[in-house]
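# Inside the fold
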Amino acid sequence: MKVITAHLNIKIIVISAVLLIMFAACIPTLVNYKLKQKTDVSETPANIKTETTFEETTEKTMKDKNGNEYIPSSNITVYLTFDDGPSKNTNEILNILDTYGIGATFFVINGKYNSYMKDIVNRGSAIALHSYSHKYPEIYSSPQAFIDDICKIHDLVLEETGVDTKIIRFPGGSSNTISSKYCKNIMKDLVEETEKMGYIYFDWNCENGDADGKETSVEYQVKRATKYNKNDENIVILMHDIDICGVNTKALKEIIEFYQGEGANFSVITENSPQIHHKVNN
Ligand SMILES: [Zn+2]
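Residues numbered from 1 in each chain as written. Predicted model: local features only at pLDDT ≥ 70, side-chain atom pairs only at ≥ 80, totals over all residues.

Moving on to the environment of Phe82. By secondary structure assignment, the location of Phe82 is in strand 3 (residues 77–85). In the structure, Phe82 is positioned 22 residues away from Ala104 in sequence and 7.6 Å away in space, judged by C-alpha atoms. With sequence-adjacent residues up to four places away left out, Phe82 is seen in contact with Ile93, Ala104, Phe106, Met239, His240, Asp241 and Val247. (Helix = DSSP H or I, 4+ residues; strand = E, 2+ residues; numbered from the N terminus. Contact = placed C-beta atoms within 7 Å.)

Rendered as structure tokens:
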């Protein structure tokens, strides 16, 4: 009996040892499997799609006024930007952009055409934040007042379009001095505060001058918007999407065609776009 028990014990020990060795041998495989799983997470279809989209963007063909496709031949990228919309002209601006197969960036405010915000997004342009009230005495009365206002327009854009954008443009630009009438040094504070909150601000380095007077002519807008620094590879053009005295649609076509003639690429502003910043003066 004792012999049988001892024999059984030896058998159990041997089997246990074999199982232990087998398990130990499996550990590297299990670890590899885990690692593989981790690697696979970073290769989800969504991420791959982003890469593909990026490639498509960089190799995107443009359309000239006759609908003929062309590939940009220079290193210039033009960012058409429209402030203060949406307006009754938003649709017409989007139609022109469609004609040329390009998008623009709309820095929006709260107004009576908020329902057009989703058209901006659905038709391939980018939506970004400008201001809810756009009233300088209010938004520039204190840093907190500005933050409250930008949060309100952020939430409105999110509600209207589903887009959670962090891209902003200060009314008057970061270089504005009008804000000093309401709060000294507020722009210095706002540049820091908004950055801490994760917002990214964009100024401009070219403009069509449509805000310069009552109603500016086509010639004037084209002349202003096509005057750019030849050393700049990124040209951010400020224009306005407002009911009256904003961008002239004929001028917009001429401006687009001018830059097409320069071999430029056109792009919307994203969080990764080069940030054109003015000198802060207040
Ligand atoms: Zn504005």
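Given 3.6 residues per helical turn, the α-helix brings residues three or four places apart onto the same face. For helix 9 (residues 249–261), which comprises 13 residues, the first-to-last C-alpha distance of 18 Å matches the rise-based estimate of 18 Å (1.5 Å per residue) to within 8%. For helix 9, the complete set of buried residues consists of Ala251, Leu252, Ile255, Ile256, Tyr259 and Gln260. (Expected span 1.5 Å × (residues − 1). Buried ≥ 20, exposed ≤ 12 C-beta atoms within 10 Å, placed from the backbone.)

In the contact formed by helix 8 (residues 218–225) and helix 9, the axes pass within 9 Å of each other and the chain directions differ by 30 degrees. In terms of orientation, helix 8 lies roughly parallel with respect to helix 9. Handedness of the crossing formed by helix 8 with helix 9: right-handed. In this structure, helix 8 uses Val218, Gln221, Val222 and Ala225 to contact helix 9, whose residues at the interface are Lys250, Ala251, Glu254 and Ile255. Considering only residue class, the contact of helix 8 with helix 9 consists of five nonpolar, one polar and two charged. (Axes fitted to C-alpha atoms, helices over the stretch in contact; angles between N-to-C directions. Parallel < 35°, antiparallel > 145°, perpendicular 65-115°, else oblique. Left-handed = near helix turned anticlockwise from the far one by under 90°. Nonpolar A, V, L, I, M, F, W, Y, C, P; charged D, E, K, R; others polar.)

The step from Gly85 to Pro86 runs through a cis peptide bond, and the omega angle for that step is -5 degrees. Within the secondary structure, Pro86 sits in the loop between strand 3 and helix 3 (90–99). Phi angles above zero are rare outside glycine, and Asp84 is one such case at about 75 degrees. Within the element layout of this structure, Asp84 appears in strand 3. One non-glycine residue, His134, lies in the positive phi region at around 55 degrees. Relative to the helices and strands, His134 resides in the loop between strand 5 (126–131) and helix 5 (136–139). Overall, His134 belongs to the partly exposed group, with 18 C-beta atoms counted inside 10 Å.

Another aspect to go through is the nonpolar core. If you look at the biggest cluster of nonpolar residues, it comprises 55 residues, and the most contacted ones within it are Val78, Phe106, Ile127, Ala128, Leu129, Ile168 and Ile237. Apart from the residues within four sequence positions on either side, Val78 is in contact with Ile235, Ile237, Tyr259, Ala264 and Phe266. (Core = buried A, V, L, I, M, F, W, Y, C linked by C-beta atoms within 7 Å.)

Let's shift gears to the packing of helix 6 (residues 143–161) against helix 7 (residues 186–196). Two elements in contact, helix 6 and helix 7, have axes whose closest approach is 10 Å; the angle formed by their N-to-C orientations is 45 degrees. When the interaxial angle is binned, helix 6 and helix 7 end up oblique. Viewed along their axes, helix 6 and helix 7 form a crossing whose handedness is right-handed. On the side of helix 6, the interface is formed by Pro143, Phe146 and Ile147, while helix 7 contributes Ile186, Asp189, Leu190 and Glu193. Taken together, the residues that form the contact of helix 6 with helix 7 break down as five nonpolar, no polar and two charged.

For the rest of this paragraph, the subject is helix 7. Looking only at helix 7, the buried set comprises Ile186, Met187, Leu190 and Thr194. Buried positions in helix 7, seen along its axis, are confined to an arc of 85 degrees and lie on one side of it. In helix 7, those exposed residues whose orientation departs by more than 90 degrees from the buried face are Glu192, Glu195 and Lys196. Those residues of helix 7 that are buried are in contact with helix 6, strand 6 (167–168) and strand 7 (200–201). (Arc of directions from axis to C-beta.)

Read these as layout, nothing more, since geometry by itself doesn't imply function.
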